[in-house]
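Next come the chains, spelled out residue by residue.
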Amino acid sequence: MPIEKVNSKVVKAVLTPGRAVLARRGAMLFYTGDVQFQPHSAGGAPGMGMGGMAGMAGMAGRAMAGENVPMMVAQVGGSGAGGGGEVHYGHAGLHVQVIQLDGSMNLSVEADRLLAHDAHLQTSIVFLGQQGGIRGAVRGAVTGQGLFTTQVSGQGSVAVLSHGGSFEIAVGQGRPVVVDPQAYVGHVGNLRVDVSASVGWREAVGKGSGEAIQLKISGQGTVFVQASEQKF
Amino acid sequence: MVAYEGEVTFKHAGMGGGGGFKAAVKRKMTGESLALMECTGRGLVYFAVDAQDVTVVELDNETMQVESQQLLALDGNLRTDVMFSGLRGATSGQGLFTTTVTGVGQAALLSAGGPPIALEVSPQHPLVVDPDAYVASRGQLNQTFVTDVSWKSVIGEGSGEAFSLRFDGTGVVYIQPEER
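Residues numbered from 1 in each chain as written. Chains lettered and ligands numbered in written order. Predicted model: local features only at pLDDT ≥ 70, side-chain atom pairs only at ≥ 80, totals over all residues. Heavy atoms only, no water.

Chain A has the name AIM24 family protein in an unreviewed UniProt entry, where Rhodococcus antarcticus is given as its organism.

Next comes the structure, spelled out in structure tokens:
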């Protein structure tokens, strides 16, 4: 398990030869051992074997989507054989949650919530319109989350940021969960995210000027919700 | 609220809910703002505000005074009202009135900067707290407003003004680690 929690706001990535980690630029707190840092260019440096976005198309897609939080690669340094190191990451005093992906389900999360993840995980930009048709796209536009989200797939660990810490809600068949768009962090599994504007609790408390948007999440999986309505 | 599951309906607990008509009118007049919504049905509702700490307080047929902005949620069978709390608000900007919660049930309190600290007050040991750190209090307490305190100006905070809340009697006062 290369990424582990140190406390509620800091994670530690253990690097071994051939095991690299991708992290948000500027999130490195300190490191020990033989570690090398490089900007993660979307083209992918030759021979590095990074997953991630492939080639120019990916880079263009990322830039267009606005899901372009710069990332850094941390890997075991030049001397190689037998070396290793540990890198500690944290960002802006935000809480961190480490999510383990077993390869069977993808994680959907916004790029700016990604703190670090195993470099061998695949990330791709997903147009929300694919998720819930036009309503998915509307969701992005309405909630200010953008029309794109980042999807992480593969087997490994991902460190996700949240304001105030996040908790999990299991979503099962026939039991949808309704989440405040501002408190929504991300989700794992086969979930459908729909915008609904019917009930309107925000209106009920007099918050928000008449707009009462909720995310209705149904299917099979887990949704992560933070204890705050603050975006970053 | 950040999320819910199940069949839950929400409505503005204006005049009808949250302490009844009289309390609502008082609230309107006193400016002690407590915006509540009522959740009914069958399900689970998750509440959180701005990443603040939450503490659940059990009330057993007693009255708790609470700063309205520190009240996150409460059992529907608890009653809320507004009470005159002395001449503190004029200077601390928190209103001259405070919200009270009465009955049997649970209330969830918010606190900034960490979990609230429960301070015991006894006749031998009165307590003086910073109004900006005050969250709630319960018991047989008499609350007065003290101006003659110098510790705030000593540490250079506040422009010469130094105001505090003094509690006499027997009870518990909850304060938060971070000032508003």
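Taken together, the contacts link 16 residues of chain B with 23 residues of chain A. Broken down residue by residue, the surface that chain B buries against chain A is led by Val2, Tyr4 and Glu5 of chain B, which jointly contribute 36%. There are one salt bridge connecting chain B and chain A. Between glutamate 5 of chain B and arginine 175 of chain A there is a salt bridge, and its shortest N-O distance comes to 2.8 Å. For the pair chain B and chain A, the interface holds four residue pairs in polar contact (both at pLDDT 80 or more). Elements that contribute at least two residues to the side of chain B that touches chain A include exactly strand 1 (3-12) and strand 2 (37-46) of chain B. With seven residues, strand 1 of chain B is the largest single contributor of residues to the side of chain B that touches chain A. Classifying every residue of the side of chain B that touches chain A gives 11 nonpolar, two polar and three charged. (Contact = heavy atoms within 4.5 Å. Buried area = accessible area lost by both parts, 1.4 Å probe. Salt bridge = Lys/Arg side-chain N within 4 Å of Asp/Glu carboxyl O. Polar contact = N/O pair within 3.5 Å; in protein donor to acceptor, adjacent residues only side chain to side chain. Helix = DSSP H or I, 4+ residues; strand = E, 2+ residues; numbered from the N terminus. Nonpolar A, V, L, I, M, F, W, Y, C, P; charged D, E, K, R; others polar.)

Another aspect to go through is the confidence of the model for chain B. Residues and elements named next belong to chain B. Averaged over every residue, the pLDDT of chain B is 80; the share at 70 or more is 72%. Taken element by element, the predicted model of chain B shows its lowest mean pLDDT in helix 2 (residues 89-92) (46) and its highest in strand 7 (residues 117-121) (95). Low pLDDT (under 50) marks residues 88-93, which in the prediction has 15 contacts with non-local residues, meaning those over four places away or in another chain. (pLDDT = per-residue confidence, 0-100.)

Let's shift gears to a nonpolar patch on the surface. All names here are of chain A. A cluster of nonpolar residues, Met28, Leu29, Phe30 and Tyr31, forms a patch on the protein surface that exposes about 360 Å² of accessible area. Here leucine 29 shows up in strand 4 (residues 28-33). When its relative accessible area of 44% is taken as the criterion, leucine 29 is described as partly exposed. (Patch = residues over 30% accessible without salt bridge, like charges linked within 9 Å, V, L, I, M, F, W, Y side chains within 5 Å. Areas by Shrake-Rupley, 256 points an atom, 1.4 Å probe, with all protein chains shown as cover. Buried < 20%, exposed > 50% of the residue type's maximum accessible area, 1.4 Å probe, protein only.)

All names here are of chain A. Across six bridges, the pairing between strand 14 (residues 166-171) and strand 17 (residues 214-226) is antiparallel. Across the sheet, the residue bridging to phenylalanine 167 is valine 225, located in strand 17. The sheet contact formed by strand 15 (residues 177-179) and strand 17 spans three bridges and is antiparallel. Residue pairing for strand 17: valine 179 is matched across the bridge by leucine 215. (Pairing = 2+ DSSP bridges.)

Under the counting rule described, the total for this entry stands at five salt bridges over all chains. Between aspartate 194 of chain A and arginine 192 of chain A there is a salt bridge, and its shortest N-O distance comes to 2.9 Å. With its nearest N and O atoms 2.6 Å apart, the salt bridge here joins arginine 138 of chain B to glutamate 62 of chain B. On the criterion of sequence distance, the pair formed by arginine 138 of chain B in strand 9 (residues 134-146) and glutamate 62 of chain B in strand 3 (residues 53-66) is long-range, its members being 76 residues apart.

In this section: the nonpolar core. Counting 18 residues, the largest nonpolar core has Tyr89, Leu115 and Ala116 of chain A as the members making the most contacts within it. It is strand 2 (residues 10-15) of chain A that contributes the most residues to this core, three residues altogether. (Core = buried A, V, L, I, M, F, W, Y, C linked by side-chain atoms within 4.5 Å.)

All names here are of chain A. Overall, antiparallel pairing links the four strands, which are arranged 1-2-7-4 in an open sheet. Either end of the sheet is taken by a strand with one partner, and the two such strands are strand 1 (3-7) and strand 4. Each strand of the sheet is rotated relative to its neighbour by a mean of 25°, with strand direction disregarded. In the sheet, strand 4 pairs with strand 7 (residues 85-89) via five bridges, with the strands oriented antiparallel. The partner of glycine 33 across the bridge, within strand 7, is glycine 85. (Axes fitted to C-alpha atoms, helices over the stretch in contact; angles between N-to-C directions.)

Okay, the sheet that holds strand 13 (residues 155-162) of chain A next. All names here are of chain A. Spatially, 5-6-3-10-13-8 is the arrangement adopted by the six strands of the open sheet, whose pairing is antiparallel. In this open sheet, the two strands that pair with only one neighbour each are strand 5 (35-39) and strand 8 (95-102). Strand-to-strand twist of the sheet, defined as the mean angle between neighbouring strand axes without regard to direction, takes the value 20°. Sheet topology note: the strand 8/strand 13 ladder contains eight bridges and is antiparallel.

All names here are of chain A. Secondary-structure assignment places glutamine 36 in strand 5. With 40 residues separating them in the primary sequence, glutamine 36 and valine 76 have C-alpha atoms 5.9 Å apart. Beyond its immediate sequence surroundings of up to four residues, glutamine 36 is in contact with Val73, Ala74, Gln75, Gly77 and Gly78.

To continue, consider the environment of leucine 191 of chain A. Residue and element names in this part refer to chain A. Along the chain, leucine 191 turns up in strand 16 (residues 184-196). With 25 residues separating them in the primary sequence, leucine 191 and lysine 216 have C-alpha atoms 9.9 Å apart. In contact with leucine 191, other than residues within four places in its own chain, are Val171, Ile217, Ser218, Gly219, Gln220, Gly221 and Thr222.

For the rest of this paragraph, the subject is the confidence of the model for chain A. Residue and element names in this part refer to chain A. Across chain A, the average pLDDT comes to 79, with 70% of residues at or above 70. Here residues 43-57 scores under 50 on pLDDT; set against residues more than four positions off or in separate chains, the count is 22 contacts. Here residues 205-211 is a poorly scored stretch, pLDDT under 50, and it has six contacts once near neighbours within four places are set aside; other chains count.

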